[in-house]
Amino acid sequence: MKVRNAGREDKVELMMTPMIDIVFQLLIFFIMTFKIVAPEGDFNIKMPLNAPSEGLPDDNQLPPMKVRLRATASGRLAGIQLGQRTLPDFKALQMQVRDIVGDDRGPGSVAASTEIELDCDYGLRFESVIDAITAVSGYVASDGQNIVKLIEKIKFAPPRPES
Amino acid sequence: MRVDRKKKGAAFIEGDMTPMIDMTFQLIAFFMVLVNFADADQNARIRLPSSELAKPADTPLDSPITLQLTRKGKVIFAADEVPVSGLKPLLLRERQVLDATPGKSASKATIVIRADREAKTGTVQELIKACQETGFERFALRAKQQEGSS
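Residues numbered from 1 in each chain as written. Chains lettered and ligands numbered in written order. Predicted model: local features only at pLDDT ≥ 70, side-chain atom pairs only at ≥ 80, totals over all residues. Heavy atoms only, no water.

**What to know about the interface of chain A and chain B**
- Contact with chain A, which involves 51 residues of that partner, is made by 53 residues of chain B.
- Counting the contacts that link chain A with chain B gives three salt bridges.
- Counting residues per element, the ones that place at least two in the side of chain A that touches chain B are helix H1 (17-33), strand S1 (40-46), helix H4 (126-137) and strand S6 (138-140) of chain A.
- Tallying contributions element by element places H1 of chain A first for the side of chain A that touches chain B, with ten residues. (Contact = heavy atoms within 4.5 Å. Salt bridge = Lys/Arg side-chain N within 4 Å of Asp/Glu carboxyl O. Helix = DSSP H or I, 4+ residues; strand = E, 2+ residues; numbered from the N terminus.)

What follows is the structure, encoded as structure tokens:
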């Protein structure tokens, strides 16, 4: 069979310009919308309204441990109290909670049945509350990876009046 | 001096585009993977407190509703910025939507509170109280992961 164009090389040139245009536009779009966001985590709190009046009291439920956080006029942390005991910092609070809770974990353990009630001054900065919740809810194990949980039931006392 | 260009012929240098296109596609792939369209609920004005225990959750929250509390005590909810006292009508509307959706309810929904680290705790408590009075029970106080902790 005779091929008409045999021996003649047809060079097909691709049009690269439109593709490069679009590719650069995509690149600029993604660069402009790119934002580095720090990972975020949550501290879960279950606080139904008027919960204590509902149902019978749980026998395993210990009375809540009260953590009192006092603030200066500017909102900075002025003092920490666990029950009647005054503590110098959140590290000491964590050590106290670790002593109370011990190593026992799981259902029915002290950690599972204990509740912390945070009683804070109105003007206290929220970061101190998160520091307190961090201190009582767990700590990073010595391996630097795993989190050892302490008390997970956390609630707020009724808000104090604004001073 | 006279330069005769015609004799030498037009020099047509065609650059090799392949490495540039390779790099560009790799950059696009990088940004596409890292792009985060879900940060609509993250207002740049809110500077979250940090915690070493704040890790991204393994499972997504059930019907999350994000409330952002500024340092000045204003609540940012969706596109609205209202004081805490004006939040109830918005929450009631949200509750009606949840109650009308099969399998969802206000008591099962989680209110995610993204409060500024310098916000007053009393305002956060007022915010929680307003949510409680509307029928919400579950709350998640959001903090950012502390730098240095993995």
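**Quick look at the side chain of Thr123 of chain B**
- Within the secondary structure, Thr123 of chain B sits in helix H4 (residues 121-134).
- The exposure class assigned to Thr123 of chain B is buried, which follows from its relative accessible area of 9%. (Buried < 20%, exposed > 50% of the residue type's maximum accessible area, 1.4 Å probe, protein only.)

**Digging into the packing of helix H3 (residues 88-100) of chain B against H4 of chain B**
All names here are of chain B.
- Relative orientation of the contacting elements H3 and H4 amounts to 40 degrees, with a least axis distance of 10 Å. With respect to their mutual orientation, H3 and H4 come out oblique. Considering how the two elements wind past one another, H3 and H4 form a crossing that is right-handed. When H3 is examined against H4, the residues Lys88, Leu91, Leu92 and Arg95 are found in contact with a partner set consisting of Ala130, Cys131, Glu133 and Thr134. (Axes fitted to C-alpha atoms, helices over the stretch in contact; angles between N-to-C directions. Parallel < 35°, antiparallel > 145°, perpendicular 65-115°, else oblique. Left-handed = near helix turned anticlockwise from the far one by under 90°.)

**Some points on the state of the cysteines**
- As enumerated under the stated definition, the model contains zero disulfides over all chains in all.
- Its sulfur unpaired, Cys120 of chain A is 17 Å from the next cysteine sulfur, which belongs to Cys131 of chain B.
- Among the residues examined, Cys131 of chain B registers a relative accessible area of 0% and is labelled buried. (Disulfide = S-S within 2.5 Å.)

**Let's talk about the pairing of strand S2 (residues 64-69) of chain B**
Residue and element names in this part refer to chain B.
- Of all the six residues making up S2, five are buried; the element is thus mostly covered by neighbouring parts of the structure.
- The pairing of S2 with strand S5 (residues 110-115) spans six bridges and is classified as parallel. Across the sheet, the residue bridging to Pro64 is Thr110, located in S5.
- Of the strand pairs in this sheet, S2 and strand S3 (residues 74-77) are connected by two bridges, and their pairing is antiparallel. For Leu69, the partnering residue across the bridge sits in S3 and is Val75.
- The turn joining S2 and S3, which pair antiparallel and follow one another in sequence, is formed by four residues; a positive phi near 95 degrees is taken by Gly73. (Pairing = 2+ DSSP bridges.)

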